[in-house]
Amino acid sequence: MTARTEQSPSTIRLADYRAPAWRVESAELVFDLDIESTELQARLRLRADPAQHEPLRLDGEGLELLAIGLDGQPLAPDHYRYADGVLQVEGARDGSVLETRVRLRPAANTALEGLYLSGSREAGFLLTQCEAQGFRHITFFPDRPDVLSNYTVTLRADRARFPVLLAGGNPDGAGELPDGRHWARFVDPHPKPSYLFALVAGRLERIERDYRTADGRAVKLVIWSEANVIDRCHYAMDALERAMRWDEETYGRNYDLDVFHVVATHDFNMGAMENKGLNIFNAKYLLADPDSTTDDEYRAVEAVIAHEYFHNWSGNRVTCRDWFQLSLKEGLTVFREQQFSADMNSPPLKRIEDVALLRRAQFPEDAGPLAHPVRPAQYSEINNFYTATVYEKGSELVRMLAGRLGREGFRRGMDRYFAQNDGRAATLEDFLAALGEANGIDLAPYLAWYAQAGTPRLHAGGHYDAGQRSYTLTLQQHTAPGAGQPDKRPLPIPVKLALFGSDGRMLPLHMDGQTSETEAVVVLDQARQSFVFGQLDQPPVPSLLRGFSAPVILQYDYRPDELALLLMHDADGFNRWEAGQQLAQRAYDALRDGAADDAVRAWSEALAALFQDSALDPALLADLLTPPGEIELAERETGVDPARIHALRQQLQRRLAERIGAAALRQRYEVLAAPAAFALDAASQARRRLKRRVLELLALLDPEAAQPLAQRQYEQADGMTDRLAALGVLVRHAAPAAADALAHYRARYADNALALDKWFAVQAQLPGEPALAHVQALEDDPAFTLKNPNRVQSLLGSFARGNPSGFHRADGAGYRWLAQRLVALDALNPQVAARLATAFNGWQRLEPARRAAARAALDALAAQPLSRNLAEIVGNMLKD
Ligand code: TRP
Ligand code: ZN
């Protein structure tokens, strides 16, 4: 019996949650693996909820059912029915054993969900991806995260073609079979939901390390990859060991199996996956070597390795009751990962990077037609909710809670959360209750943050009373209606603050008759509240929302000299940078509005002064010298013209470069470019970061003078950071040397997929009108394919989502082209197509001509037959 089953678009609601009527106590799976055709025998021991009298219904998508039996007897055809993604079985009782046999076709699976082939039929390997609902593409099962089962998995395959056989859990035997075949068995002692199931089979190489947990368990750490890249796995192994130690020290969490496997693949829909005992990684977040990996990418590898490892507790041991609770594991794990990365690197730089990402990716999501709460109330396709809101905003919410409880209180709360929920499928309420109970605090008001979409605006105003020697800070909050929520409630907003005197020193805070340190947190939990600080002999300059203490848009009418003071003196590295960003915003606004030059001067002079400050961390200086990006600038406007924003931002940076001066830039560049042994330490990374920024500013000031520098940097680079930075400058300034450098790079990295991705990306980021033609030409490159998500992201994604002035052509050609490609991509890989389609986000705020063109392209797209994934995104885009 074969059934082609694509569920009709239907809405799943949080309010409709019901506990499962049927559970699976144990699952015994036996796979006969092969590229074209794999057979799977599943034996499920079922448990019925006595309170519910529901027939047995199991999920199953596109499965070819070969045999089915219940309690040892074959099932007659009139005792089961498989249609529309559901297998219904008559006669099952509590304790029954259901046996099914299905055939899968891994090589034909281009969606990369369920069991699929990575690489070619001849040389590739088999692997699975089950989150969120991939397991139903493998076998019939109640495929929902609140069904926790014991798994025993046996893999059988031809030994020559599949020498390595892996599944989650601990190894439990292996051996030979007739006809050159072999088998391996894995038993997972921890009950888990089906989305954490995984297997891998093929020709893979390994590196290993012995690890002993703090509580004494000997663990074998193994990283697997295809032979040609195994040498690039060592950095990830070191990062894994650091992450394991850190989780022991910071959260008291130990690993809980005898083996921990990590596998790299080039064919993956997302970053990586935390399958129990068998993490699978997009190669982009696992492989690293100086010749092909930039500094930013090194840090991303460390962060993603840690993220997936941390999931072993925040996600696997304690999992989610339903997919609405996704941020329970993702927001929490992103937060843990951010803490780890801050500890391993520089806390202020990490905070700047994270907030910049939040503003670039999450704020626009929260302000547009795709806006949804961190805990959405409904969805059509769950894969569309692996968003910046669930991940990054979710992490900000955990950060607020952690800040509220303090270091020790948060640890106490987390201990209680893990203890109370270990082995359970939990909710966000469980999380807040555990944190609150451990500290005697009611955190329930924070639930409103999880339920309400949109970024709150926080208006702050200060008033100094010389007679009273007091300063009154008035805070107000407002969240615009949207996402089906007409009336937004006030949220608890923790505002960390300090007050500065005109000499740049922090003033003691006297509030409510109490004197605290120089830093305090006030919580605004109403629409409007005032806070009075006493014993002040001068009007202070407030440093608000220090460390970005809440995910809001702060509006405070600073004078430029006040911002300059904070930029010079704020001890909070994040707020220091933020003061510079605010100054840059004002300078940008002044340029745009043709206003007087004061704001541009205030910004560029302050930075020119910092440029001479030899005590400043070069990495922070590099970030300070970077104004808000084009996406962030567009967020503040209506009638958006991305070409104009690009031009103005370039002009703004040119003004900065002029103010610093060609000679000073050049001199600094030469110092930074002086030969030094390649190293990955913070100081070396910081030097490269500033070198790139200075080279870019030089190129803006005098492209001809900068070209030989860029060319020399490209040729002499001893690592990818310098090489790619130089290539980017050559390409973006259309330097005559660009073509040669591109050809050289193309040839040098012909066999390095990740390096080649960057070659596509750098060209897709060419600003303005010419970009589209370049992208179209690159689609004909023999190395381009719509079947590989990394390649799609590097060319189509870098253009549509990372190059506003290129994508948003005035004639709408970018929109029409993308809509066409989306249809082709959707037929292969709906998840990747849906993510790419979010490039249209914000289209309603474009200037009229572009808006009309974008709408026409979206309408044309909506008229096509689309996957549920893409249909939901396009549908949301078009609803008003
Ligand atoms: N849970 C994974 C993580 O954040 C991400 C993930 C969700 C994923 N769905 C996926 C990865 C589908 C690959 C494919 O760590
Ligand atoms: Zn995750």
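Provided above is the structure to which this section pertains.
Residues numbered from 1 in each chain as written. Chains lettered and ligands numbered in written order. Predicted model: local features only at pLDDT ≥ 70, side-chain atom pairs only at ≥ 80, totals over all residues. Heavy atoms only, no water.

Q: Summarise the site of ligand 1; cite the residues concerned and give the values.
A: Taken together, 14 residues surround ligand 1, and among them Glu131, Glu274, Glu308, Glu330 and Tyr391 come closest. Here an oxygen atom of ligand 1 and a side-chain polar atom of histidine 311 are 3.5 Å apart. Interatomic distance of 3.4 Å between a side-chain N/O atom of lysine 329 and a nitrogen atom of ligand 1. The fraction of the free accessible surface of ligand 1 (370 Å²) that becomes covered by protein chains is 97%. For the shell around ligand 1, the secondary structure elements donating two or more residues are β20 (272-273), α2 (295-310) and α3 (326-344). For the shell around ligand 1, a count of residues per class yields six nonpolar, three polar and five charged. (Near = heavy atom within 4 Å. Polar contact = N/O pair within 3.5 Å; in protein donor to acceptor, adjacent residues only side chain to side chain. Areas by Shrake-Rupley, 256 points an atom, 1.4 Å probe, with all protein chains shown as cover. Helix = DSSP H or I, 4+ residues; strand = E, 2+ residues; numbered from the N terminus. Nonpolar A, V, L, I, M, F, W, Y, C, P; charged D, E, K, R; others polar.)

Q: Which residues make up the packing of aromatic side chains, and what are the values?
A: Geometry of an aromatic ring pair is reported as the spacing of the ring centres plus the angle between the planes. This structure, assessed with the given rule, holds 36 aromatic pairs. The interplanar angle of 90° and the centroid separation of 5.0 Å between the aromatic rings of phenylalanine 135 and phenylalanine 141 together place this pair among those described as edge-to-face. Given a relative accessible area of 0%, phenylalanine 141 falls into the buried group. The ring of tyrosine 151 carries lysine 192 above its face, with NZ or CZ at 5.1 Å from the centroid. Note that arginine 253 overlies the ring of tryptophan 313, its terminal NZ or CZ placed 4.5 Å from the centroid. (Phe/Tyr/Trp six-rings, centres within 6.5 Å; stacked < 30°, edge-to-face > 60°. Buried < 20%, exposed > 50% of the residue type's maximum accessible area, 1.4 Å probe, protein only. Lys NZ or Arg CZ within 6 Å of the ring centre and 35° of its normal.)

Q: Explain the coordination of the zinc ion (ligand 2) residue by residue, including any values.
A: Coordination of the zinc ion (ligand 2) by the protein involves His307 (NE2), His311 (NE2), Glu330 (OE) and Glu330 (OE), with metal-donor separations of 1.9 to 2.8 Å. Around the zinc ion (ligand 2) sit six donor atoms; with metal-centred angles ranging over 49 to 161°, the donor geometry is irregular. Of note, the donors binding the zinc ion (ligand 2) are all from one chain and are spaced H-x3-H-x18-E. Taken together, the residues span a long stretch of sequence, with histidine 307 in helix α2 and glutamate 330 in helix α3 at a distance of 23 residues. The class for histidine 307 is buried, based on a relative accessible area of 6%. (Donors = N, O, S within 2.8 Å, 3.2 Å for Na, K, Ca; no water. Tetrahedral: all angles 85-135°; square planar, octahedral: opposite > 155°, others 65-115°.)

Q: Tell me about α2, residues and numbers included.
A: Along its 16 residues, α2 runs 23 Å from first to last C-alpha, staying within 8% of the 22 Å computed at 1.5 Å per residue. The element α2 is largely enclosed, with a buried count of 13 among its 16 residues. (Expected span 1.5 Å × (residues − 1).)

Q: So, the nonpolar core: which residues are in play, and what are the values?
A: Counting 213 residues, the largest nonpolar core has Phe431 and Phe533 as its most contacted members. Examining the composition of this core, we find that ten residues originate from one element, helix α5 (residues 388-421), more than from any other. Non-local contacts of phenylalanine 533, meaning those with residues more than four positions away in its chain, are made with Arg469, Ser470, Tyr471, Leu473, Leu497, Leu499, Leu509, His510 and Met511. By size, the runner-up hydrophobic cluster in this structure holds 78 residues, among which are Tyr82, Ala92, Leu117 and Val147. (Core = buried A, V, L, I, M, F, W, Y, C linked by side-chain atoms within 4.5 Å. Contact = heavy atoms within 4.5 Å.)

Q: Tell me about the side chain of glutamate 872, residues and numbers included.
A: Position of glutamate 872 among the secondary structure elements: in helix α26 (residues 868-878). Within polar-contact distance, the side chain of glutamate 872 engages the side chain of asparagine 384 at 2.8 Å.

Q: Tell me about the state of the cysteines, residues and numbers included.
A: Summed over all chains, the structure comprises zero disulfides. Of all cysteine sulfurs, the one in cysteine 320 lies closest to cysteine 130, which takes part in no disulfide; the gap is 16 Å. Cysteine 130 gets classed as buried once you look at its relative accessible area, which sits at 0%. (Disulfide = S-S within 2.5 Å.)

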